[in-house]
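So the chains spell out like this:
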Amino acid sequence: KAGVTQTPRYLIKTRGQQVTLSCSPISGHRSVSWYQQTPGQGLQFLFEYFSETQRNKGNFPGRFSGRQFSNSRSEMNVSTLELGDSALYLCASSLRGLGLGYEKLFFGSGTQLSVL
Amino acid sequence: AQTVTQSQPEMSVQEAETVTLSCTYDTSESDYYLFWYKQPPSRQMILVIRQEAYKQQNATENRFSVNFQKAAKSFSLKISDSQLGDAAMYFCALGTASKLTFGTGTRLQVTL
């Protein structure tokens, strides 16, 4: 079974632009969650999607948004990029989606976003 | 509020020796889970071990075991017979139904 796939692996953007990141979960997994990882702030939860609905949301501004498609694939969008958005963005999936913090998460290798 | 504290930014262990990584947490929830995740240089986080808070028995996965002290809100990870492949960042995490909070991580070096 293929693991969680995130594309692209690396991305360079300039301030003010917008970006879309993609995540394909493990086949059959229903929940997809997104995380931002930076050296200063560590790993922070962005949002979780389950059955195409945002079920949980972290403490990030509205510039960060996401969606989930009927095949469970998910996209994350950041509009009006700021320098502070430079980070590794990780996506994770879980099988049953019983609760964000209950199940084992399977992570992708992330998208490294650099904002210049 | 839900917090996770890892007080050891870096640890070092010799191959074949045992090392313990510390983690303390705080939550007002009664139903929660605790995790240790490993992040090697490949960046992909991998679950090491998972503990249900309602279970008193400490979880074990091969060379990895935890010391879960619920009253003290402590959840340490013991790695026995350390191997070079254990070198990575280790993150402690606290999960509830709607939140998942990570600690700041401990970088583990394994020396020959």
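Scroll up a little and you will see the structure.
**Concerning the overall build of chain A**
- Looking only at helices and strands, chain A features zero helices and 11 strands.
- Going from N to C terminus, chain A has its helices and strands arranged as β-β-β-β-β-β-β-β-β-β-β.
- Relative to its length of 116 residues, chain A is compact, with a C-alpha radius of gyration of 13 Å against a globular reference of 13 Å.
- Each principal axis of the C-alpha distribution contributes one length, and for chain A these read about 40 × 25 × 25 Å.
- Looking at the 116 residues of chain A, the share that counts as buried comes to 53%.
- For chain A, long-range pairs separated by at least 24 residues make up 56% of all intrachain contacts whose partners lie at least 6 apart in sequence.
- Put simply, chain A shows about 5300 Å² of open surface, and 49% of that area lies on carbon and sulfur atoms.

**Quick notes on the pattern of salt bridges**
Residue and element names in this part refer to chain B.
- Scanning all chains against the criterion turns up nine salt bridges over all chains.
- Taking the shortest distance from any N to any O, the salt bridge between R50 and E52 comes out at 3.9 Å.
- The exposure class of R50 is partly exposed, given its relative accessible area of 30%.
- Put simply, E52 and K55 hold a salt bridge, and the shortest N to O gap is 3.7 Å.
- E52 gets classed as buried once you look at its relative accessible area, which sits at 14%.

**A closer look at the pairing of strand 9 (residues 87-94) of chain A**
Residue and element names in this part refer to chain A.
- Counting buried positions over the eight residues of strand 9 gives eight, a clear majority of the element.
- Residues of strand 9 alternate between two faces, with A87, Y89, C91 and S93 on one and L88, L90, A92 and S94 on the opposite face, all of them buried.
- Strand direction decides the pairing type here: strand 4 (residues 31-38) and strand 9, joined by seven bridges, are antiparallel. Among the inter-strand pairings, Y35 is bridged to a residue of strand 9, identified as L90.
- Both strand 9 and strand 11 (residues 111-115) contribute to a ladder of three bridges, which runs antiparallel. Opposite Y89, over in strand 11, you have T111 as the bridge partner.

**Structural notes on the state of the cysteines**
Residue and element names in this part refer to chain A.
- This structure, assessed with the given rule, holds two disulfides over all chains.
- Sulfur-sulfur distance for the disulfide between C23 and C91 comes to 1.7 Å. Handedness here is read from the sign of the S-S torsion; for C23 and C91, about -50°, the answer is left-handed. Note that C23 is positioned in strand 3 (residues 19-24) and C91 in strand 9, a separation of 68 residues in sequence.

**Observations regarding the interface of chain A and chain B**
- The partner chain B presents 19 residues to the 22 residues of chain A that form the contact.
- Interface area, chain A with chain B, both sides summed: about 1800 Å², of which 53% is carbon and sulfur.
- Per-residue buried area on chain A facing chain B is highest for L43(A), Y102(A) and F107(A); these three make up 38% of the total on that side.
- Taken together, chain A and chain B are joined by zero salt bridges.
- Counting every contact that joins chain A to chain B gives eight residue pairs in polar contact (both at pLDDT 80 or more).
- Of all the secondary structure elements, the ones that give two or more residues to the side of chain A that touches chain B are strand 4, strand 5 (42-50), strand 9 and strand 11 of chain A.
- Residue composition of the side of chain A that touches chain B, grouped by class: 10 nonpolar, nine polar and three charged.

**Some thoughts on the sheet that holds strand 8 (residues 74-78) of chain A**
Residue and element names in this part refer to chain A.
- Overall, antiparallel pairing links the four strands, which are arranged 1-3-8-7 in an open sheet. Edge positions in the sheet fall to strand 1 (5-7) and strand 7 (64-68), since each of these pairs with one other strand and no more. With strand direction ignored, the average angle separating the axes of adjacent strands in the sheet is 15°.
- For strand 7 and strand 8, the ladder comprises five bridges, and the chain directions are antiparallel. Each residue of the ladder has a partner; that of F64, found in strand 8, is V78.

Parameters and conventions
Residues numbered from 1 in each chain as written. Chains lettered and ligands numbered in written order. Predicted model: local features only at pLDDT ≥ 70, side-chain atom pairs only at ≥ 80, totals over all residues. Heavy atoms only, no water. Helix = DSSP H or I, 4+ residues; strand = E, 2+ residues; numbered from the N terminus. Rg over C-alpha atoms; globule rule 2.2 N^0.38 Å. Buried < 20%, exposed > 50% of the residue type's maximum accessible area, 1.4 Å probe, protein only. Contact = heavy atoms within 4.5 Å. Areas by Shrake-Rupley, 256 points an atom, 1.4 Å probe, with all protein chains shown as cover. Salt bridge = Lys/Arg side-chain N within 4 Å of Asp/Glu carboxyl O. Pairing = 2+ DSSP bridges. Disulfide = S-S within 2.5 Å. Buried area = accessible area lost by both parts, 1.4 Å probe. Polar contact = N/O pair within 3.5 Å; in protein donor to acceptor, adjacent residues only side chain to side chain. Nonpolar A, V, L, I, M, F, W, Y, C, P; charged D, E, K, R; others polar. Axes fitted to C-alpha atoms, helices over the stretch in contact; angles between N-to-C directions.

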